Structure formats: structure tokens, C-alpha cells
Amino acid sequence: MSTAADAVTDALRELHARFAGLRDGLVADYIPQLALTDPDAFGLALISMDGHRYSAGDAAAPFTLQSVSKPFVYALALSALGLDEVCRWVNAEPSGEAYNAVSLEPGTGRPDNAMVNAGAIITTALIPDTPDAPRFDRILDGLSRFAGRRLDVDEQVYASEAATGDRNRALAYLLRSTGPLPVDPVAAIDTYFAQCAVRVTALDLAAMAATLAHGGVNPLTGDAVVPEPVAAQVLAVMATCGMYDASGDWLLRVGLPAKSGVSGGLIAAGPARFGLAAYSPRLDPTGTSVRGRAALGALSERLGLHLM
Ligand code: DON
């Protein structure tokens, strides 16, 4: 007798096989270390609310979080400061612009949302920083709890982005000049680069997405990482802003809150159902994994995951 679990395993394996031949897209090279990635790595993973782990392909291959860090650091900021205080610094509107756009609301100078770089740099800066718990320690600890295991930083990717990240550095100075950056731009950007360089696998990403889907409680460890309302707030912003200027098309076709990253990681969450992740480094022009987008879209259609 075939079970629902068999159906998930079969679907992941079949979609992995179907899209492994896709050679469209380019590996990111504006962070030079990312250009050294194996362009053909391809992993899929899904974790259910009862902690079952399903995967296909290179689901245990390491890569860096990049922008997939943003919703999780946003969750940590919301937990520390509350929604109203965070919204004073970062808005929650779709920008319809690229991830690295100069996103400043006329009048307040607030970035449109915490998923674009400008908003994410502020979110990072909002994480408390105290002598006993430095800002980055809090972020690494929080990301690790979302993943359910101790994560670390890929020092080569970190150094590579720190050496070349002038656009983000410029964004941080611009934010400081218009108002909404509560800390020194140099410190904020250094922490942001480090969070982007945290090393994960597709299985880690599925656990992180599953924690958001599970009301902030990691389904593998039982750890209550963030309060339930915070998990819902983050999923809402992922749904409207997580895929940048492709967010509307993604919600239309795939129908799940999601977040992409330039190393090729991609997450999607089915509230109260599952966390889903893909890893494949060839990207489309919006900075989204081509195979990841294809596989998650096909999985949503095949298993009827569209929320609307
Ligand atoms: O800030 C950057 O440019 C990178 N560290 C992250 C950008 C990113 O992942 C955009 N997402 N697709």
C-alpha cells in the first residue's frame, strides 16, 4: 500500500530527475567565491510538521545562506523588538524592485521591506548587541536553532563578499544619511555579510522553513525559536516580498511564502504542513535558482500545495 510519505518521496525523486538536466541560468559571480561553486549541484528537501525528513539529490551539500538569512533575522528582530517597533525602521510593502535596489520611502527613508538588501541591513542592525551577547552571536545562535543544529560561517565566502561588497556598503551609508540605520554602517554591514555567509544544506533550509510553518517551533528539536505570531508575520512578508520583483508571479503560480538566495538556496513554507527547500546554483535574472523555481513550482502543482 502506498502512503502519503511515499508520495512525497516519489515526487521529490521524480522532480529531481526531471529538472537535473536544466542548464539555464548563471552562477552568481559578483561575490567571487560563489563563482567557484559546482553549477550542477542539485538538492531537494522537505520536512513535515511531525519532523519527517524527505530528500533527493544533493540535500546534504553545503552552501551559504545569502538572502535566505533575511526572513530568519527578521524573525529574530521581531521577537526582540515587536512588530510596531520594527515597522518604524523597515516597511512591509512589496518593492517591485531588485534585491539590491536603493529602497528608501520618501519622507521616512525606510526601505520597503526586510527582504531587499537595504531593509535586511537595517533588520540586522536592530538585533540587540550587548557585551555578554554580541549581535552576530545572537544571529548565529538564532539561525542554528531554526536549523536544529549548530551552524558556522564559511570564512572564504565572508571574506570574498567583504572585499567586494561596495554596493551594500554604499546602501548602509545611504541609510545612515537618511535616518533609518540605528548603528554604525561599518558594523552593520560586517554583521550582514557574516550572516549571509552562514553555511547550510538544503535539509537545514527545509528545517528552517518548517520551523516558520510550525508556528516558530522547530519540528525536529521541539525548540520554540520564535513566538507563533512572529512566525506568521514573517511568512506574510515572505509571501508578498520574498521573491523581490517576481513575488507576484511566484504567489500566482506556486502559491507559497518563499525566499531565494544568490548561492542557489530557495525555501518555501506550507503553514502547518511543511518546510520545503531546493539548492541549485544556476540563477535566473532575479537571483532565484532556476531548477529550484522549476522543482518547487512543479511540486506545488503535483501535490496541490497552492494556498489560495
Ligand atoms: O547582499 C548580497 O548581495 C548577498 N549577500 C545576498 C543577496 C541575495 O542572496 C539576493 N537573493 N536572491
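Look a little higher up for the structure.
Residues numbered from 1 in each chain as written. Predicted model: local features only at pLDDT ≥ 70, side-chain atom pairs only at ≥ 80, totals over all residues.

Quick notes on the sheet that holds strand β7 (residues 265-270)
Cut-off, in case you're wondering: DSSP bridges decide pairing: two strands pair if at least two such bridges lie between them. Labels follow the DSSP assignment, with helices taken as runs of H or I lasting at least four residues and strands as runs of E lasting at least two, numbered in each case from the N terminus. In this description, a line fitted to the C-alpha atoms serves as the axis of each element, helices being fitted only across the stretch in contact, and the angle between N-to-C directions of two axes falls anywhere from 0 to 180 degrees. Note that contacts rest on C-beta atoms placed from the backbone: two residues are in contact if these are within 7 Å.
Taking strand neighbours across the sheet as the criterion, the five strands line up as β2-β1-β8-β7-β6 in an open arrangement whose pairing is antiparallel. The sheet is open, and its two edges are formed by β2 (53-57) and β6 (258-260), each paired on a single side. Strand-to-strand twist across the sheet, computed as the mean angle between neighbouring axes with direction ignored, equals 10 degrees. Where β7 lies against strand β8 (residues 274-279), six bridges are found, and the strand directions are antiparallel. In the strand pairing of β8, Leu266 is matched with Ala278. Contacts from helix α9 (residues 202-213) reach β1 (43-48), β2, β7 and β8, with the element oriented near 150 degrees to β8. Taken strand by strand, helix α12 (residues 290-303) contacts β1, β7 and β8, and its axis lies near 145 degrees from that of β8.

Here's the deal with unusual backbone geometry
The condition is simple: Exposed residues have 12 or fewer other C-beta atoms within 10 Å of their own C-beta, buried residues have 20 or more, and partly exposed residues fall in between, where C-beta atoms are placed from the backbone.
Even without being a glycine, Gln66 presents a positive backbone phi close to 50 degrees. Tracing the chain through its elements places Gln66 in the loop between β3 (63-64) and α2 (69-81). In this structure Gln66 comes out as buried when scored by C-beta crowding, with 26 C-beta atoms within 10 Å. Unusually for a residue other than glycine, Tyr244 sits at a positive phi of about 55 degrees. With respect to the secondary-structure elements, Tyr244 resides in the loop between α10 (228-241) and α11 (247-253). Taking the C-beta count within 10 Å as the criterion, Tyr244 has 25 such neighbours and is therefore assigned buried.

Description of the pairing of β7
Within β7, six of the six residues are buried, leaving the element largely enclosed by the surrounding structure. Burial along β7 is two-sided: Gly265, Ile267 and Ala269 facing one way and Leu266, Ala268 and Gly270 facing the other are all buried. Two strands pair when backbone bridges link them, and β6 and β7 are joined in this way by three bridges, in the antiparallel orientation. Its bridge partner being in β7, Ala258 is matched across the sheet by Ala268. Between the antiparallel neighbours β6 and β7 lie four residues, among them Gly264 with a positive phi of about 110 degrees. What sits between β7 and β8 in their antiparallel hairpin is a turn of three residues, with Ala272 showing a positive phi close to 60 degrees.

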